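Fold and geometry: a report
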Amino acid sequence: MKEKIIFATKNRGKIKEINMIMEDTNYEVISMEDAGIDIDIVEDGSTFLENAIIKAKEVMKIADCIVMADDSGLEVDYLDKAPGIYSARFGGEDTSYRIKNKMIIDKLEGVEEKDRTARFVCAIAAVFPDGEVLTTRGTVEGIIIHEERGSNGFGYDPIFYVPEYSCTTAEMDNESKNKISHRGKALRSMKAKMESHRNGCK
Ligand code: ITT
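Since the structure is predicted, the reported quantities are computational estimates derived from the model, not experimental observations. (Residues numbered from 1 in each chain as written. Predicted model: local features only at pLDDT ≥ 70, side-chain atom pairs only at ≥ 80, totals over all residues. Heavy atoms only, no water.)

Structural notes on the packing of aromatic side chains
Under the defined criterion, the tally for this structure stands at two aromatic pairs. Judged by centre distance (5.1 Å) and plane angle (90°), the rings of Tyr97 and Tyr156 are edge-to-face. Within this pair, whereas Tyr97 is found in helix α3 (residues 97-107), its partner Tyr156 is found in the loop between β6 (133-144) and β7 (160-162), the two being separated by 59 residues in sequence. An angle of 40° between the planes, with centres 4.3 Å apart, marks the rings of Phe120 and Phe160 as tilted. In this pair, Phe120 is assigned in strand β5 (residues 117-127) and Phe160 in strand β7, connecting sequence segments 40 residues apart. (Phe/Tyr/Trp six-rings, centres within 6.5 Å; stacked < 30°, edge-to-face > 60°. Helix = DSSP H or I, 4+ residues; strand = E, 2+ residues; numbered from the N terminus.)

Here you go:
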């Protein structure tokens, strides 16, 4: 039987991507909602990693299995790496991504291609019932384009163009995005670390 992991997120886009990556493991990843956990977590860390640990530990207080969480976001170099850890709150928590994306595009008005560099960052924390914490991080580099393109993915995907693939992450299917994405990379590293942890290595 597969071992259960609760992924401490309310973001359905993330759960969809995570389940695809964890499919071939001995773990069954379930959302907080599926675990019947409905709590609001204050993400008051100063880095992606601190926030990921905060989320996982907060849920661990009321869970009986491994809890994993990620904190992720978009860093735009021209905006001094904003919105960064404030990506979900940028322009207001309840503001649609159509508007948030437009706000980023507007802030980069007139900015040359070479200065439109950005990256998605993802930090993942896995907290075990014995208190052990494993962490990983992944990034993907891209540029901010001038208008939204594509309807897959979520959040800032429609304005995040990956030159290597000549498309935005919203124009990739889930499988392709997972192969190159910040979350895909961080999660595959986490899979490897958990395998070593299972075998008794640090
Ligand atoms: P949880 O905290 O419940 O997991 P959240 O959406 O608030 O959900 P974060 O705090 O990690 O998640 O905020 C990340 C935000 O960064 C997310 O809402 C998106 O706006 C953006 N983001 C992260 N990964 C992304 C991706 O793969 N594609 C597009 N946008 C992404």
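A word on helix α1 (residues 12-22)
Those residues of α1 that sit buried are Gly13, Lys14, Ile15, Glu17, Ile18, Ile21 and Met22. The secondary structure elements touched by the buried residues of α1 are β1 (3-7), β2 (27-31), α2 (48-60), β3 (66-76), α4 (174-180) and α5 (182-198). (Buried < 20%, exposed > 50% of the residue type's maximum accessible area, 1.4 Å probe, protein only. Contact = heavy atoms within 4.5 Å.)

As for the pairing of β1
Two strands pair when backbone bridges link them, and β1 and β2 are joined in this way by five bridges, in the parallel orientation. What sits directly across from Phe7, in β2, is Ser31. (Pairing = 2+ DSSP bridges.)

A word on the pattern of salt bridges
Per the stated rule, a full pass over the model turns up 19 salt bridges. Two residues, Lys14 and Asp70, come together in a salt bridge whose shortest N-O distance is 2.5 Å. With a gap of 56 residues between them, Lys14 in helix α1 and Asp70 in strand β3 connect regions that are remote in the sequence. Each member of the pair, Lys14 as well as Asp70, is classed as buried. One salt bridge connects Glu58 with Lys61, and the closest N-O pair in it is separated by 3.2 Å. Residue classification places Glu58 among the partly exposed positions, given a relative accessible area of 29%. A residue is classified by how much of its surface remains accessible, and Lys61, at 65% relative accessible area, is exposed. (Salt bridge = Lys/Arg side-chain N within 4 Å of Asp/Glu carboxyl O.)

Considering the environment of Ala35
Structurally, the position occupied by Ala35 is in the loop between β2 and α2. Taking the C-alpha atoms as reference points, Ala35 and Ile6, 29 residues apart in sequence, are found 7.1 Å from one another. Each residue touching Ala35, except ones within four places of it in the same chain, is listed here: Ile6 and Ile30.

Digging into the UniProt feature "binding site: Mg(2+)" (unreviewed entry) in the protein chain
UniProt annotation of "binding site: Mg(2+)" (unreviewed entry) refers to Asp71 when read in the numbering used here. Sequence-distant contacts of Asp71, that is, excluding residues within four places in its chain, are made with Glu43, Thr47, Phe48, Asn51, Ala52, Lys55, Ile85, Val121, Cys122 and Ala123. Polar contacts involving the side chain of Asp71 include one to the side chain of Asn51, which spans 3.3 Å. (UniProt positions renumbered as here; feature names shortened; annotations may be inferred. Polar contact = N/O pair within 3.5 Å; in protein donor to acceptor, adjacent residues only side chain to side chain.)

So, the layout of surface pockets
In this model, the largest pocket occupies a volume close to 840 Å³. If you trace the largest pocket, you find 31 residues lining it, with Asn11, Lys14, Glu43, Lys55 and Ala88 closest to the centre. Those elements giving two or more residues to the lining of the largest pocket turn out to be β3, α3 and α5. The leading source of residues in the lining of the largest pocket is β3, at four residues. In this structure, the second largest pocket occupies an estimated 180 Å³ of space. (1 Å grid on protein atoms, 1.4 Å probe; cavity = no way out; pocket = protein on both sides within 12 Å on 5 of 7 lines; lining within 4 Å. Points joined across faces, edges and corners; volume = space filled by probe spheres on them.)

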